[in-house]
Amino acid sequence: MILPTSKEEDKNLKKRYAVFNHDGSLAELKGFEVKRRGELKLIKIFQTQIFKFFLDGSTLAECYAAVATVADRWLDVLYQHGKTMADDELIDLICENKSMAKTLEEYGAQKSTAITTARRLAEFLGEQMIKDKGLNCKYIISSRPRNAPVAERAIPVAIFSAAEDVKRHFLRRWLKDDPARWIPAK
């Protein structure tokens, strides 16, 4: 059984553990991101891969070394900003996905990442594309515009499939920055 510890002293984590069978297979998993909806695929894959290595080695140091190989692989992806991956593969790992229960109009002045995504989809795909409820909003969170609330930094993934001039126009508008400075031309 693996019980993670809290970052804070004298504070326990509840309902978060992994139980392994004698053959090393995972018997039960509770409280980890891999089980939750709405978590980034990158985190789910990382946890799925890392759990397999918790039982490797006969000492704690050997276990840590085995787990570190997986962690190092994913750290490389992060440090290299996914440059070794295809764009579609990288976007799939870092995008979020939310379904809207109501129509965009019914949300009124509310703010959320899904609402921002829906409004932005309407800007470049047309209002008819977002008129129904149950709209699936697939987006990434940008670092730009700097200091803006998270809800205002949601970028619809669909924009990356648009024509180059359309993509650059809307990214410039939404990010309040010239994407040519940090997105290479194809």
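Here the structure is shown first, and the text comes after it.
Owing to the predicted nature of the structure, the values given are computational and were not obtained by experimental measurement. (Residues numbered from 1 in each chain as written. Predicted model: local features only at pLDDT ≥ 70, side-chain atom pairs only at ≥ 80, totals over all residues. Heavy atoms only, no water.)

Participant: Run through the overall build of the chain, naming residues and quoting values.
Facilitator: In terms of regular secondary structure, the chain is built from five helices and five strands. Mapped in sequence order, the helices and strands of the chain form the string β-β-α-α-α-β-α-β-β-α. Taken over the C-alpha trace, the chain has a radius of gyration of 20 Å; the compact-globule value for 186 residues is 16 Å, which it surpasses by more than 25%. Dimensions of the chain, computed from C-alpha atoms along their principal axes, come out at roughly 60 × 40 × 30 Å. Here the chain, with 186 residues, has 34% of them falling under the buried criterion. In the chain, once contacts between residues fewer than 6 apart in sequence are set aside, the share between residues at least 24 apart is 41%. When the accessible surface of the chain is split by element, carbon and sulfur atoms take 53% of a total near 12,500 Å². The positive charge centre, built from 32 side chains, and the negative charge centre, built from 26, are 4 Å apart in the chain. (Helix = DSSP H or I, 4+ residues; strand = E, 2+ residues; numbered from the N terminus. Rg over C-alpha atoms; globule rule 2.2 N^0.38 Å. Buried < 20%, exposed > 50% of the residue type's maximum accessible area, 1.4 Å probe, protein only. Contact = heavy atoms within 4.5 Å. Areas by Shrake-Rupley, 256 points an atom, 1.4 Å probe, with all protein chains shown as cover. Lys, Arg positive; Asp, Glu negative; His and termini not counted. Charge placed at Lys NZ, Arg CZ, Asp CG, Glu CD.)

Participant: Report on the side chain of Q47, specifying residues and quantitative values.
Facilitator: By secondary structure assignment, the location of Q47 is in helix α1 (residues 41-51). With a relative accessible area of 9%, Q47 lands in the buried category. Within the local environment of Q47, its side chain forms a polar contact with the side chain of E33, the two groups lying 2.5 Å apart. (Polar contact = N/O pair within 3.5 Å; in protein donor to acceptor, adjacent residues only side chain to side chain.)

Participant: Break down the nonpolar core for me, citing the residues and quoting the values.
Facilitator: By size, the foremost hydrophobic cluster in this structure holds 25 residues, and its most contacted members are M100, F124, C137, I155, I159 and W174. Listed by contribution, the elements that provide at least two residues to this core are α4 (113-125), β4 (136-141), β5 (154-156) and α5 (164-175). Counting residues per element, this core draws most heavily on α4, at six residues. Among residues more than four places away in sequence, those in contact with C137 are E96, N97, K98, M100, A114, T117 and A118. Among the nonpolar cores identified, the runner-up in size contains 10 residues, and I50, V67, V70 and L93 belong to it. (Core = buried A, V, L, I, M, F, W, Y, C linked by side-chain atoms within 4.5 Å.)

Participant: Tell me about the packing of aromatic side chains, and please be specific about residues and values.
Facilitator: A full pass over the atoms with the stated rule returns five aromatic pairs. Between F32 and F51 the ring centres are 4.9 Å apart and the planes differ by 85°, which places this aromatic pair in the edge-to-face class. One end of the pair, F32, is in the loop between β2 (26-30) and α1; the other, F51, is in helix α1, and 19 residues separate them in sequence. Each of the two residues, F32 as well as F51, counts as buried. Consider the rings of F51 and F54, whose centres lie 5.5 Å apart with planes at 55°: the pair is tilted. Classification of F51 by relative accessible area gives buried; the value is 5%. One aromatic cluster in this structure is built from F32, F51 and F54. Above the ring of Y107, the side-chain terminus of K102 is found at 4.9 Å from the ring centroid. (Phe/Tyr/Trp six-rings, centres within 6.5 Å; stacked < 30°, edge-to-face > 60°. Lys NZ or Arg CZ within 6 Å of the ring centre and 35° of its normal.)

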